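Residue-level structural notes
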Amino acid sequence: MSLDVSPQLLAQAEQGEIREEDFVATVRHSLPYAYRLIADLTRELQGSDREFADNLTPPPSEAERGQLLRALASDSIRGSLERHFGVTLAFQNCHRVAAFRPETDGGETYTKFTSTRSQILNQSPEFRDC
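We now turn to the structure provided with this report. (Residues numbered from 1 in each chain as written. Predicted model: local features only at pLDDT ≥ 70, side-chain atom pairs only at ≥ 80, totals over all residues. Heavy atoms only, no water.)

A few words now on the overall build of the protein. Along its length, the protein carries 7 helices and 3 strands. Helices and strands appear in the protein in the N-to-C order α-α-α-β-α-α-β-β-α-α. Taking 130 residues into account, the globule formula puts the C-alpha radius of gyration at 14 Å, and the protein, at 15 Å, falls close to it. Overall, the protein is about 45 × 35 × 25 Å in size when its C-alpha atoms are taken along their principal axes. (Helix = DSSP H or I, 4+ residues; strand = E, 2+ residues; numbered from the N terminus. Rg over C-alpha atoms; globule rule 2.2 N^0.38 Å.)

Let's shift gears to the pairing of strand 3 (residues 96-100). Along strand 3, 5 of the 5 residues are buried, which leaves the element largely enclosed by surrounding structure. Residues Arg96, Ala98 and Phe100 point to one face of strand 3 and Val97 and Ala99 to the other, with burial holding for every one of them. In this structure, strand 1 (residues 52-54) lies alongside strand 3, joined through 3 bridges in antiparallel fashion. Across the sheet, alanine 53 pairs through a bridge with alanine 99, a residue of strand 3. Pairing between strand 2 (residues 88-92) and strand 3: 5 bridges, direction antiparallel. Pairing of alanine 90 across the sheet is with alanine 98, part of strand 3. (Buried < 20%, exposed > 50% of the residue type's maximum accessible area, 1.4 Å probe, protein only. Pairing = 2+ DSSP bridges.)

So, on to helix 4 (residues 62-73). Owing to its 3.6 residues per turn, the α-helix brings residues three or four apart onto one side. The end-to-end C-alpha separation of helix 4 is 16 Å, in line with the 16 Å expected for 12 residues at 1.5 Å each. Along helix 4, the residues that are buried comprise Arg65, Gly66, Gln67, Leu68, Ala71 and Leu72. The elements touched by buried residues of helix 4 are helix 2 (20-30), helix 3 (32-46), helix 5 (75-85), strand 2 and strand 3. At the N-terminal end of helix 4, a side-chain oxygen is found 3.2 Å from the backbone nitrogen of alanine 63, two or three residues along, and the residue is serine 61. (Expected span 1.5 Å × (residues − 1). Contact = heavy atoms within 4.5 Å. Polar contact = N/O pair within 3.5 Å; in protein donor to acceptor, adjacent residues only side chain to side chain.)

Rendered as structure tokens:
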């Protein structure tokens, strides 16, 4: 299970739409490593004039790697994190996540980062089992 959903949030969802702030709080509580990593990348990006900030450090354990994979594999989680932090996320391999400025989405740097060529060039044997 990706998220630890409170009974109150589940009841709210059963009755209709939920507030995105409540969903993001659930993500922050359930996937703390993924949330913190994206928050850190966002701060790094905001403190620079670069088009993106990315993570090249593998997670400390498979549990943290799983959090990152669950957060980025879910359209609703990923979209909520992008809206919450005001970034566009891109993902390669098992841990290389990048936070882009939204206005660069579709631009040359973003397109290069998300290209099949970059994916191939960013492979190494240690990524095969992640």
